[in-house]
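These are the residues of each chain, in order.
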Amino acid sequence: MSYQDFIKKMQSSLHDLHTILEEKNQMVSQWNQQFAIELSENKDYAFAVLASLENDFLTHEDQKKKQLSDIQLLIDTIHLEFQKTVEEYQKSHQVEKDKTRLLKLKEDNLAEFRQQKKKEIQDLTQKMNAFDKECIQLIKDNNLHLEEEDKVTKTKLAELDKRLKFEVNRVNETLLTPFANDADKQEAIKQGNYNKEEEITLRNNGIDEIAKIKQKYMNEMKEIELAFHFYQSNVIRNNEILREEYNLKIEQIKFNRQNANISLQEASDRYDFDTYQQLNQFELDYNLEANKIRLFYQGKLKEENQKRIQLVIEEQEGKGKDFSMLFDQVQLFDQKQIELLEKQLDKNHVQFFQSVQDTTKYMESIAQSVKELVTAIVLSAWKSIENNMQSLQNNMVFNLYSLSKLEGFDYSVYANELVKIIQEFTVSEQNQLQKFDKLIMDHFKDYIRQMKNTLTDITEFFAEQKNQQNHLINQMKKMNNRLYRQANQDASDKFTHFYNGIETQKKNQEEQTTKEHQNLLQDNKKANELFVEKTLALKQKKEHYQLRKRNDDYRNAISYQSLIDSIKENINQIKKRYKENLKLGQSTIQQKYKNILKDIELERKTKRKIGQI
């Protein structure tokens, strides 16, 4: 078979198969379209019926919802009024505002007294500061006088020391040095005018005179230092006593200022106790009144909620009946749709099975044509190879070429070798073609057998499919019936659950109302108990405050008296210390000059001894 013959045969077979299958497909398509139209028409009719029923149901439901909406609006209005009333009451009856008002009133009532006490405290502070400055200034003045007296004393001592040195020098010049120098002394000895005893006597007189002068001036300087020490000790004593005396006055002022502050604080505390007692009473009254408002509105809400629950029950009962009617209609309409599907699947099954049979039959014919075409293609390929081999042999250069320079030599002697190679290849290919022909025949026999087996399997498949379709239809019918029953059961369960929920809601509402009422009574009880507790605590706090104040006043008085006694004791100690320091200073000065006079006497005696040598 040639390729062109194969193509013509395939086109003819495929055209016939296409025509048969197209007719069947068009028939099935028309059936499917008609099936879809019938389904849609049935659905539209069903929805029209259901819409009419739902419209009636919705009208009835809207009426109930309108009633529920009205009563819910009333409940919401009561809630808002309840919330607004409580908020307005709490806003206009706030303990913190009362506290601010009472504390401001306290400040207004205390303003004049507070101003008076503040002025008194300010005056005492200024007086205390003035005393402190005055004391400091007096001490400063005393110290300035002391410094001046110190300068005067030092000047006197310096003057005495200067005069002492002058008189000692005068005596030295007149009594201790009778000769101007050794030359004069030697000249007096030569002239016989020198008397050693006279010189010694004169020198001793000078030494005694110098000692007397020093003793005189030392006694004067001692008296000056004693006088300055006495003055200095008195200044120190007076400054310390002055400081303590002013401290005494300042502590008295401090004590008075402290009492003024205590008096001011005490007045403020008395107002605070009264204020907080009033606030406790306000808090009790406000809580009781707010609970009274809550109790009133709780009663109104309970009444309206009972009406709402009854309307909800009536609405749900009507809805249950409507649902049951709708479920009946849906079940009937869907039953008709399933039956219509059953008829359509039966017709389609027959047509599709016949199409498969026709297709399988034509596939066998096509397989035989394919086998013939494949064999022809292989033979044609072998013929083409033979032609190519012959062309190669005819055009091999070594088979045609000879060398002109070498006579008697060419390649043609090797042509037989090429022919042998080609013949061997040809024999081998012939053997392969025989094997191929047998192989193709075996395979296509198997293919045709498989096609027949396939048709058998397809027949069994369509039979099984038919069983599956029947099973599908039965399942759908059962499902439709089950869904109808389940829907009714679910609705029944839902409404049963709803009724249980409503009963639970009613019970919970009653329990909640009772609980809220009990809570309000409990709140009132707690408010009264809290008032009593706060009143008692405030009373105890006031008693503790008064006791603490008495103790503080006592401690302050004791502390003040102790401080006063301490200052007075300090003054006594200053006076005592003054006497001791004065005596010690005088003794020190006396001893100092006593030692100086001893040194002067020792110096006089030593010089007299030296003068005898």
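Everything here concerns the structure above.
Residues numbered from 1 in each chain as written. Predicted model: local features only at pLDDT ≥ 70, side-chain atom pairs only at ≥ 80, totals over all residues. Heavy atoms only, no water.

K.L.:
Before we move on, can you summarise the environment of Leu332 with the specific residues and values?
P.N.:
Take Leu332: it is sitting in helix α4 (residues 196-394). With relative accessibility at 48%, the residue Leu332 sits in the partly exposed group. For the pair Leu332 and Ala46, spaced 286 residues apart in sequence, the C-alpha to C-alpha distance is 9.3 Å. (Helix = DSSP H or I, 4+ residues; strand = E, 2+ residues; numbered from the N terminus. Buried < 20%, exposed > 50% of the residue type's maximum accessible area, 1.4 Å probe, protein only.)

K.L.:
Describe empty space enclosed by the protein, and please don't skip the residues or the numbers.
P.N.:
By the definition in use, this model includes 1 cavity of 30 Å³ or more. Estimates place the volume of the largest cavity at around 40 Å³. Asn280, Glu283, Leu284, Asn287, Ala527, Leu530, Phe531 and Lys534 are the residues that line the largest cavity. At the level of elements, α4 and α5 (415-612) are the ones that each hand at least two residues to the lining of the largest cavity. By residue class, the composition of the lining of the largest cavity is 4 nonpolar, 2 polar and 2 charged. (1 Å grid on protein atoms, 1.4 Å probe; cavity = no way out; pocket = protein on both sides within 12 Å on 5 of 7 lines; lining within 4 Å. Points joined across faces, edges and corners; volume = space filled by probe spheres on them. Nonpolar A, V, L, I, M, F, W, Y, C, P; charged D, E, K, R; others polar.)

K.L.:
How would you summarise the nonpolar core if you had to cite specific residues and measurements?
P.N.:
Among the nonpolar cores identified, the biggest contains 16 residues, and Leu164, Ile213, Met218 and Met221 are the most heavily contacted of them. Of all the secondary-structure elements, those providing two or more residues to this core are α2 (95-176), α4 and α5. Here this core gets 8 residues from one element, more than from any other, and that element is α4. Apart from the residues lying within four places of it in its own chain, the contact partners of Leu164 are Ile213, Lys214, Tyr217 and Met218. Grouped together as the second largest cluster of nonpolar side chains are 10 residues, Val86, Tyr286, Ile293 and Tyr297 included. (Core = buried A, V, L, I, M, F, W, Y, C linked by side-chain atoms within 4.5 Å. Contact = heavy atoms within 4.5 Å.)

K.L.:
Help me get a handle on the side chain of Glu251, residues and values and all.
P.N.:
As for its position among the elements, Glu251 is in helix α4. With near-sequence residues (within four places) excluded, Glu251 lies in contact with Tyr560, Leu563, Ile564 and Ile567.

K.L.:
Residues and numbers for the side chain of Lys117, please.
P.N.:
Relative to the helices and strands, Lys117 is located in helix α2. Apart from residues no more than four positions distant in its own chain, Lys117 is found in contact with Ala260, Ser263 and Leu264.

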